[in-house]
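Here is how the chains run, residue by residue.
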Amino acid sequence: MASLVSRRSAVSTGISVPVLAILVAVGVFLVVGSLVSDIFAQQTVAGLAQGAIFASLALALVLIYRATEVINFAQGELAMATTYIAYQLTLWGLSYWLAFFLTLPIAFVLGVVLQVVFIRPVHQSIIAVVIVTVGLFILIDGLVTWKWGADLKFMKAPFGNHVYRAGGVAFARQDIGVLATSILSVILLWGLFQFTKIGLAMRAAALRPAAASLVGVRVNWMLAIGWGLAAVLGAVAGLMTEPTQFLQPTMMQPILLYAFAAAVLGGLESPAGSVIAGLMLGVFLNLVGQYVGFATSELRLPLAFAVLLVVLLFKPSGLFGRKQVRRV
Amino acid sequence: MNARFAGRLVVIAAVALVIALLPFGLTNYHQGLGARVGVYFIAILGLNILTGYTGQISIGHGAFMAIGGYTTAIMSHDHGTNLIATLPLAFAITFVCGLLVGVPALRFSGVYLALATFALAVSVPQLPLKFSKFTGGSNGIRTATAPGNSWLYGVTWACAAIGFVGAWLLLRGRTGRAFRAVRDSELAATSSGVALPIYKTLAFGISAAYAGVAGSLFVLATAGFAQPNEFGIILSLEILIGAAVAGLGSLWGVVVGAVFVGLLPEISASVPVLGSGHGQDVVFGLIVIAVMILLPNGFAGLLRLVESRFKTPIESDSTTS
Amino acid sequence: MSMKRRLLAVLAGAAVVATAAVTAASGAPAADPGITSTSIKIGGTFPLTGVASLYKTIPAAEKAYYDYVNDHGGVNGRKIDFTILDDAYDPSKTVPLAQQLVEQTKVFAVVGSLGTAPGLATWSYLNRNKVPQVLLATGDSYWGFSYKKYPWTTGWQPDYPGEAKVYGKYIAANMPNAKVGVLYQNDAYGKNYYAGLRVGLGAKKGNIVDAESYDATAPNVTQQILSMKSKGADVFVVFATPTPTITSLVTATKVGWTPTATFINNVSANRLFLLAAAGNGANVDGIISTTYTSSSTTQRSLAGVKLASSILDQYAPALKASFDRGDANIIYGFGVAWTFVYALQHAGKNPTRASLMKALRSLNTGANPFVYPGIRLKTSAKDNFPIEQEIMIKWGGGATGDWTPFGKLLGPIR
């Protein structure tokens, strides 16, 4: 089984030379710009902070896709719901971090249950799965509004409000915390897929379900675990988003759109790619907003998607994805 | 062609008769609801042509409805165009937009296409805000006159009837077979000489044109008022859900899908347990999921199941549509 | 196909003629719909779900007030039956819901509906059918100015442009050399505020060094605030809905921008939001806004606040907690409901829709216990703005503080 999967992964790092060159060029541009202009530096830092939030949700999307070949349109709502669960735990007296770490296994179970009950019966048809996740989107939104109401609620900021200053630039500890959490999540995920048996089994179940089950992988369970893990990542994303969006049923909706863009931009199969793409998207939006007059606020969203569509036209598998070869 | 076809024709005629006679027994308010169901009928029909028959997923038909709707509002508001005359105009404009979307869409498939159309659904309603001089921005723009509900009902269902017959004629011919070939196996289609890009793009254009007309009628049903909040992502989701409930790949269930999406808010508003507002969402979401799990081919699939009970042994050999 | 269409057209035509004949034959109705000797039906459309649903406490508070009035004999013996419908802030839903209220529920009046676009979508229909569309919950000024064309429509609260004028005048008078940075939502709501600010600044409108718009779907406004900081703005004016306002205050502090004065709009000046901003690290002391309602936290001894508190205890205990923390939406709802009841009481023993409108268009009372003390509700043939007075407030006390009014009652603010 290992040979089945690793042969493909030997080809699969997906970082081609042109993309790497672009990345380096962008990095140099950002560094030089920041040294020259304070406002450039601050916009970049702010863009990275916002991008980290896109990245954290994008990670969950990528994980679900990689583990189950499914796009989950309800990912944002699921993330929002698990954040409300954490909130409820704090209302019952738990400290923020205790509630945070208790929510993760709850989210895992929730993800598994959703996959088994709602997705498994229909997973042979892409259209059916899309529609079921759309139904979940609406259902979860309704349930959360029913239970907790739609008024603004607030949780304690996880990393505190302290702001470090260097040169003319401010770095909020909260933003650094979100960035660090995203990067940590990517590393843990990569470790899971590369080094653990479960990770290997999950990859096999997604890529070659028939062959995998022949060698003893419980394919159905791997898909469910994939959803469970994605729900955990979603909960983390929601909790990282709450300090800036606050707690309301629509809190993840602005993020979801950009997270999709980041996930596709980076390549739906590449966790690291989606994080890098998320960060780049955040910085891009801020810099364009600052320096390009025509790009007024109404165009922010359409611009992000225009960029996305252009990239997809030239490299459909995203910046860091593998080329999809369809065997006849 | 055969007994089964004649049977379906009778059913269609009966349904059409009911629809034609219904407004006489309905209050003005209910006629308005009936018109709204008709709007969804046309939009779902359009989406079905695309997703049901060529297998291209679109979660973005709300965007085409927005284009059609704003066309009607702006033409009537700025140029006093007759309301009915704006309908073919909306059809033509959204047909072209559909073609423009269909061409790059050739590069995407499956979930990527769903995502791309999702992006469309979210971005297009932003545009009226940017070009607020022409579109009234967030204050919306309204037609010169607002039609009454019985006018709306008649015009909407007349368009629905035309659209239905048009779709049926299209789909039973060569184009329809090409569409189905695209859906079932692109490889087989290409190797038997079906020019994939043409048919896939054509499907997008036609589907968008239907949505455009639906959008015009949607605006007319909203007192002639076009405003960005009317065309949110939920509208696109509703059309997709309606098409799924109707049964993708078949025309026979579209009425049911339209009734489901158009009237469910009415009905679930009176569901006592979950109360107002959010109760609707919960009921809606649950029903959609249940339908997809239990009745994956929607109402049309149910019809086929029922039909198969009545088939004679000989007839059951014939291929389904 | 054309045969069928012709047939359809003929049938439809016949239907229209038949309906018209029937209505004509039934004669003029004796009394307005929705009112009997023991009850009066009203209704409204509100965003109970969707993007604006944080305002759903307003109709809940209004219902509590009507329940209280009903338990005390109603109005001239009539109990108020209030139907709350959810339009999710979507005009395509508001239109059928308005028709439902008028034609199915047969309400006497549409009271307190929330939202500008929903209001604009339905005011033609309601005015054409001579149904009162009153006490609309939005601060746009269309309702105040359009009474000639839409005589059945009124608003209630002070309008947004007028409020922005207050800030402009204050800045021009007290900070004549200020460099002003304005953040506003990129739709009519924000643009109207911004226009009002410029009018208020008058000759000093050149002091605006940076005006940034943001989109309601945007996840943050950091880029805009950084831009203001870089252009040297030292006065910050925010015309936004609550979430972006809170975010702006937090972001401003985080990026190290310390404007000498910050102004936020009344809609965002709910105590709960300021507490949240402070909790997330914003410097909130000294922020200025305006109000026209009593405060449920600093004015607890007022008769109106005590009454509101007791009504909530009995009829809407779920709202009590946020009321006690300073949620202004609740007292807003009470203020609107009180106004409707007052107008109904002054519409005669047997009110008609016309007499209700007459009462609402000739208000002159300082007796509303839920508005800020001293504010009078006043309308006349040429003035369709019931409330035009406001008082400025300033925040003190940081993360556990509150608003303190200062200066004189200002108005009329237009």
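Remember, predicted model here, so these are calculated numbers, not experimental data. (Residues numbered from 1 in each chain as written. Chains lettered and ligands numbered in written order. Predicted model: local features only at pLDDT ≥ 70, side-chain atom pairs only at ≥ 80, totals over all residues. Heavy atoms only, no water.)

Asks: For the overall build of chain C, give the residues involved together with the corresponding values.
Replies: Looking only at helices and strands, chain C has 14 helices and 13 strands in total. The C-alpha radius of gyration computed for chain C amounts to 23 Å, which stays within 12% of the reference 22 Å derived for 414 residues, consistent with globular compactness. Expressed along its principal axes, the backbone C-alpha trace of chain C runs to roughly 75 × 60 × 40 Å. Burial statistics for chain C: of 414 residues in total, 63% are counted as buried. In chain C, the proportion of contacts linking residues at least 24 apart, taken out of those at least 6 apart, comes to 69%. (Helix = DSSP H or I, 4+ residues; strand = E, 2+ residues; numbered from the N terminus. Rg over C-alpha atoms; globule rule 2.2 N^0.38 Å. Buried < 20%, exposed > 50% of the residue type's maximum accessible area, 1.4 Å probe, protein only. Contact = heavy atoms within 4.5 Å.)

Asks: Can you tell me about a nonpolar patch on the surface, naming the residues and giving the values?
Replies: Residues and elements named next belong to chain A. On the surface, Leu-20, Val-24, Val-28, Val-32 and Val-36 cluster together to form a nonpolar patch covering roughly 460 Å² of accessible area. Positionally, Val-28 belongs in helix 2 (residues 17–36). Residue Val-28 is classed as partly exposed on the basis of its relative accessible area of 48%. (Patch = residues over 30% accessible without salt bridge, like charges linked within 9 Å, V, L, I, M, F, W, Y side chains within 5 Å. Areas by Shrake-Rupley, 256 points an atom, 1.4 Å probe, with all protein chains shown as cover. Salt bridge = Lys/Arg side-chain N within 4 Å of Asp/Glu carboxyl O.)

Asks: Summarise the pairing of strand 1 (residues 39–46) of chain C; cite the residues concerned and give the values.
Replies: Each regular strand displays side chains that alternate between the two surfaces of the sheet. All names here are of chain C. Burial analysis of strand 1 places 6 of its 8 residues in the buried class, the great majority of the element. Judged from the 8 bridges that link them, strand 1 and strand 2 (residues 79–86) form a sheet pairing that is parallel. When the bridges of strand 2 are listed, Gly-44 appears paired with Ile-84. Handedness of the crossover joining strand 1 and strand 2 through helix 2 (residues 57–71): right-handed. Sheet analysis places strand 1 next to strand 3 (residues 109–111), joined by 2 bridges and oriented parallel. By the bridge assignment, Ile-42 is partnered in strand 3 with Ala-109. (Pairing = 2+ DSSP bridges. Right-handed = clockwise from strand over helix to strand, strands pointing away.)

Asks: How would you summarise the interface of chain C and chain A if you had to cite specific residues and measurements?
Replies: How big an interface is tends to be stated in terms of accessible area lost as the parts join. Taken together, the 34 residues of chain C in the interface contact 35 residues of chain A. For the chain C and chain A pair, buried surface summed over both sides reaches about 2600 Å², with 55% attributable to carbon and sulfur atoms. Across the contact surface, chain C and chain A share 0 salt bridges. Joining chain C to chain A, the criterion identifies 5 residue pairs in polar contact (both at pLDDT 80 or more). Put simply, the parts of the chain that give the side of chain C that touches chain A at least two residues each are strand 6 (208–214), helix 8 (222–230), helix 9 (242–254) and helix 10 (271–279) of chain C. At 7 residues, helix 8 of chain C tops the list of elements feeding residues into the side of chain C that touches chain A. A breakdown of the residues in the side of chain C that touches chain A according to their chemical character gives 12 nonpolar, 18 polar and 4 charged. (Buried area = accessible area lost by both parts, 1.4 Å probe. Polar contact = N/O pair within 3.5 Å; in protein donor to acceptor, adjacent residues only side chain to side chain. Nonpolar A, V, L, I, M, F, W, Y, C, P; charged D, E, K, R; others polar.)

Asks: Outline the environment of Pro-132 of chain C, supporting the account with residue identities and numerical values.
Replies: All names here are of chain C. Within the element layout of this structure, Pro-132 appears in the loop between helix 4 (116–128) and strand 4 (133–134). Classification of Pro-132 as buried rests on a relative accessible area of 0%. The spatial distance from the C-alpha of Pro-132 to the C-alpha of Thr-153 is 6.2 Å, given a sequence separation of 21 residues. Excluding residues that lie within four positions of it along the chain, Pro-132 makes contacts with Phe-108, Ala-109, Val-110, Trp-152, Arg-353, Leu-356 and Met-357.

Asks: Describe the packing of helix 2 (residues 28–54) of chain B against helix 8 (residues 149–172) of chain B, with residues and values.
Replies: All names here are of chain B. As a packed pair, helix 2 and helix 8 sit with axes 8 Å apart at the nearest point and diverge in direction by 20°. The angle between helix 2 and helix 8 places the two elements in the roughly parallel class. Taken as a pair, helix 2 and helix 8 cross one another with a handedness that is left-handed. (Axes fitted to C-alpha atoms, helices over the stretch in contact; angles between N-to-C directions. Parallel < 35°, antiparallel > 145°, perpendicular 65-115°, else oblique. Left-handed = near helix turned anticlockwise from the far one by under 90°.)

Asks: I'd like to hear about the nonpolar core, residue by residue, with values.
Replies: In terms of nonpolar packing, the biggest core is built from 193 residues, with Phe-73 of chain A together with Phe-41, Ile-59, Met-65 and Leu-217 of chain B touching the most fellow members. Judged by nonpolar contacts, the second largest core, of 119 residues, contains Ile-246, Ala-276, Val-336 and Trp-338 of chain C. (Core = buried A, V, L, I, M, F, W, Y, C linked by side-chain atoms within 4.5 Å.)

Asks: Tell me about the interface of chain A and chain B, and please be specific about residues and values.
Replies: Each partner contributes to the interface: chain A provides 42 residues, whereas chain B provides 38 residues. Both faces considered, chain A and chain B share a buried interface measuring about 3800 Å² in area, 84% of it formed by carbon and sulfur atoms. When the buried area of chain A at its contact with chain B is split by residue, Ile-127, Ile-131 and Ile-138 of chain A rank highest and sum to 16% of it. Our count for the contact surface shared by chain A and chain B stands at 0 salt bridges. Viewed at the interface, chain B and chain A are joined by 0 residue pairs in polar contact (both at pLDDT 80 or more). Contributions of two or more residues to the side of chain A that touches chain B are made by helix 5 (96–119), helix 6 (126–148), helix 11 (253–266) and helix 13 (300–314) of chain A. Here the element with the most residues in the side of chain A that touches chain B is helix 6 of chain A; it accounts for 16 residues. Along the lines of polarity and charge, the residues of the side of chain A that touches chain B split into 35 nonpolar, 4 polar and 3 charged.

Asks: Kindly report on the packing of aromatic side chains, identifying the contributing residues and their values.
Replies: Evaluated as defined, the whole model comprises 48 aromatic pairs over all chains. Residues Tyr-96 of chain A and Trp-97 of chain A carry aromatic rings whose centres are separated by 5.3 Å and whose planes lie at 85° to one another, so their mutual orientation is edge-to-face. Overall, Tyr-96 of chain A belongs to the buried group, its relative accessible area being 7%. Accessibility expressed as a relative area gives 33% for Trp-97 of chain A, which makes it partly exposed. Between Phe-41 of chain B and Trp-157 of chain B, the aromatic rings sit 5.5 Å apart at their centres with planes inclined by 55°, giving tilted as the arrangement. Taken as a pair, Phe-41 of chain B in helix 2 and Trp-157 of chain B in helix 8 lie far apart in primary sequence, 116 residues in all. Here Phe-41 of chain B falls in the buried class, since its relative accessible area comes to 4%. Taken together, the aromatic side chains of Tyr-160, Tyr-167, Tyr-170, Tyr-189, Tyr-193, Phe-239, Phe-263 and Phe-406 of chain C make up a single cluster linked through ring pairs. Directly above the ring of Phe-193 of chain A sits Arg-66 of chain A, whose terminal nitrogen or CZ lies 4.9 Å from the centroid. Looking at Lys-147 of chain A, its charged tip hangs above the ring of Trp-148 of chain A, at a distance of 5.3 Å from the centre. (Phe/Tyr/Trp six-rings, centres within 6.5 Å; stacked < 30°, edge-to-face > 60°. Lys NZ or Arg CZ within 6 Å of the ring centre and 35° of its normal.)

Asks: An account of helix 1 (residues 3–21) of chain B is needed here, citing residue identities and associated values.
Replies: All names here are of chain B. The end-to-end C-alpha separation of helix 1 is 27 Å, in line with the 27 Å expected for 19 residues at 1.5 Å each. Along helix 1, the residues that are buried comprise Arg-8, Ala-16, Ile-19 and Ala-20. The arc that holds every buried residue of helix 1, seen down its axis, measures 110°, which confines them to one face. Turned more than 90 degrees off the buried face of helix 1, the exposed positions are Ala-3, Val-10, Val-11 and Leu-17. (Expected span 1.5 Å × (residues − 1). Arc of directions from axis to C-beta.)

Asks: How would you summarise the pattern of salt bridges if you had to cite specific residues and measurements?
Replies: All names here are of chain C. Summed over all chains, the structure comprises 9 salt bridges over all chains. Linking Asp-324 and Arg-300 is a salt bridge whose minimum nitrogen-to-oxygen distance equals 3.4 Å. With Asp-324 in helix 12 (residues 320–324) and Arg-300 in the loop between strand 9 (288–291) and helix 11 (303–315), this pair connects stretches of sequence that are 24 residues apart. Judged by relative accessible area, Arg-300 falls into the partly exposed class, the value being 38%. Among the charged side chains, a network of salt bridges with common partners joins Arg-300, Asp-313, Lys-320 and Asp-324.

Asks: So what's going on with the state of the cysteines? Residues and values would help.
Replies: Going through the model one piece at a time under the given rule, you end up with 0 disulfides over all chains. Among the cysteines around Cys-97 of chain B, which has no disulfide bond, Cys-159 of chain B carries the closest sulfur, lying 19 Å off. (Disulfide = S-S within 2.5 Å.)

Asks: Please give an account of the domain arrangement of chain C that cites residues and values.
Replies: All names here are of chain C. If you check the domain split of chain C, you get domain 1 (39–158 + 299–383) and domain 2 (160–291 + 392–410). Inter-centroid distance (C-alpha atoms) of domain 1 to domain 2 is 28 Å. Of the roughly 1300 Å² buried between domain 1 and domain 2, counting both surfaces, carbon and sulfur atoms make up 55%. In this assembly, domain 1 and domain 2 are joined by 0 salt bridges. Where domain 1 touches domain 2, the interface holds 6 residue pairs in polar contact (both at pLDDT 80 or more). For the side of domain 1 that touches domain 2, the per-class residue count stands at 8 nonpolar, 8 polar and 3 charged. (Domains from an automatic or database assignment.)

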